[in-house]
Amino acid sequence: MYLCYIDESGTSDIPGNTSHFILAGLSVPIWHWKDCDKSIEVIKRRYALGNLEIHVAWILRSYLEQTRIADFHKLDYTQRRSQVESLRKAELLKLQRSGNPKLYKQTKKNYEKTKNYIHLSYDERQKLILEIARCISQWGFARLFAECIDKIHFDPARTPQTIDEQSFEQIVSRFEQYLQIMGKGNSDSNFGLLIHDNNQTVAKKHTELMKQFYQEGTLWTRLKSIIETPLFVDSQLTSMVQIADVCAYAIRRYLENGEEELFDLIFQRADRKDGIVVGVRHFTKSGCACKICSAHKKVAPSSGTESA
């Protein structure tokens, strides 16, 4: 049995506030999942995060309050948290009186999403995510699948599928093909289970899509190995879904901002066949020279030139 943890980064809305939408799935054999989970928990404990959720986009934001506290880095975690919370309460009270309910609501949401990480400086938060990415890169048994859609080059009028549907079908197809390859020559069948962050809208849509895929197959393959109904879980309670979030974030930040450090670690786990990356695709303009598109090509031995 193989478990494939799925999460996304960016918005699938067009235009939305990101240029790319990434759906990523990280597959691990069921006999390794507990070790993986433990290794992530060890890292989280080093940063006093315990069982708290890792949500990279919120962790790596700049927290303005920290810059207003003298010698913030010299304070212990309790002192840091106390001073940040004090400044945040004062800011919310000021916004309540300002007559700008929209800004108050957004600021309150930002504070709620980041409250678990305010005891860590920005440098410490960067190191936390880097440690997690290094840990993932060392899981030789894990395989990364991802569909990376450049929304500038996605034309809804030319496809019956939405961005969400195309992304999910691609992940399912690649995971299924991986399971079939891994099962060749074995007397026992390999099966896979999709585990997704719980979102009621997404859960309904993906469950319906899986039923369709089982009846008709995907564009690329018939489903023989993936269990029909995905498992939807609360990401706050499941470290491994949080790891899929790290993977999706690292890919999006590379494609949108050229940030390579996290990406280069995560991309080591991309599913490959004969040295070519087959598990991760960048849906974009032709001639793209990014690392994902380049890894889809093979070098002809005789001339050293690339061929598709």
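Anyway, here's the lowdown on the structure attached to this text. Model, not experiment: these values are computed from the prediction. (Residues numbered from 1 in each chain as written. Predicted model: local features only at pLDDT ≥ 70, side-chain atom pairs only at ≥ 80, totals over all residues. Heavy atoms only, no water.)

Within the protein, the regular secondary structure consists of 11 helices and 10 strands. By the compact-globule yardstick of 19 Å for 308 residues, the protein fits well, its C-alpha radius of gyration being 21 Å. Its C-alpha atoms give the protein principal-axis dimensions of roughly 60 × 45 × 45 Å. Out of the 308 residues belonging to the protein, those deemed buried represent 48%. Here the analysis covers contacts within the protein between residues at least 6 apart in sequence; of these, 73% occur between residues at least 24 apart. As displayed, the protein has an accessible area near 16,200 Å², and 49% of this comes from carbon and sulfur atoms. A distance of 3 Å separates the average location of the 43 positive side-chain charges in the protein from that of its 38 negative side-chain charges. (Helix = DSSP H or I, 4+ residues; strand = E, 2+ residues; numbered from the N terminus. Rg over C-alpha atoms; globule rule 2.2 N^0.38 Å. Buried < 20%, exposed > 50% of the residue type's maximum accessible area, 1.4 Å probe, protein only. Contact = heavy atoms within 4.5 Å. Areas by Shrake-Rupley, 256 points an atom, 1.4 Å probe, with all protein chains shown as cover. Lys, Arg positive; Asp, Glu negative; His and termini not counted. Charge placed at Lys NZ, Arg CZ, Asp CG, Glu CD.)

Let's shift gears to the packing of aromatic side chains. Taken as a whole, this structure holds 9 aromatic pairs when the rule is applied. Centroid distance F263 to F267: 4.8 Å. Interplanar angle 20°. Geometry classified as stacked. Residue F263 is classed as buried on the basis of its relative accessible area, which comes to 1%. Residue class for F267 comes out buried when judged on its relative accessible area of 9%. One aromatic cluster in this structure is built from Y2, W31, F145, F175 and Y178. Of note, R61 hangs over the ring of W58, and the distance from its end group to the ring centre comes to 3.8 Å. For the cation-ring pair, R125 lies above Y63, with the distance from its terminal atom to the ring centre recorded as 3.7 Å. (Phe/Tyr/Trp six-rings, centres within 6.5 Å; stacked < 30°, edge-to-face > 60°. Lys NZ or Arg CZ within 6 Å of the ring centre and 35° of its normal.)

Inspection of every chain in the model, using the stated rule, returns 0 disulfides. No disulfide involves C135; its sulfur sits 7.4 Å from that of C36, the nearest cysteine. Owing to a relative accessible area of 12%, C135 belongs among the buried residues under this scheme. Left unpaired, C247 is separated from the closest cysteine sulfur, that of C4, by 10 Å. (Disulfide = S-S within 2.5 Å.)

Attention now goes to helix α7 (residues 163–183). Here α7 spans 30 Å end to end across 21 residues, near enough to the 30 Å set by a 1.5 Å rise per residue. The buried count for α7 comes to 16 of 21 residues, which makes it a mostly enclosed element. One or two steps after α7, the chain reaches G185, where phi turns positive at roughly 85°. (Expected span 1.5 Å × (residues − 1).)

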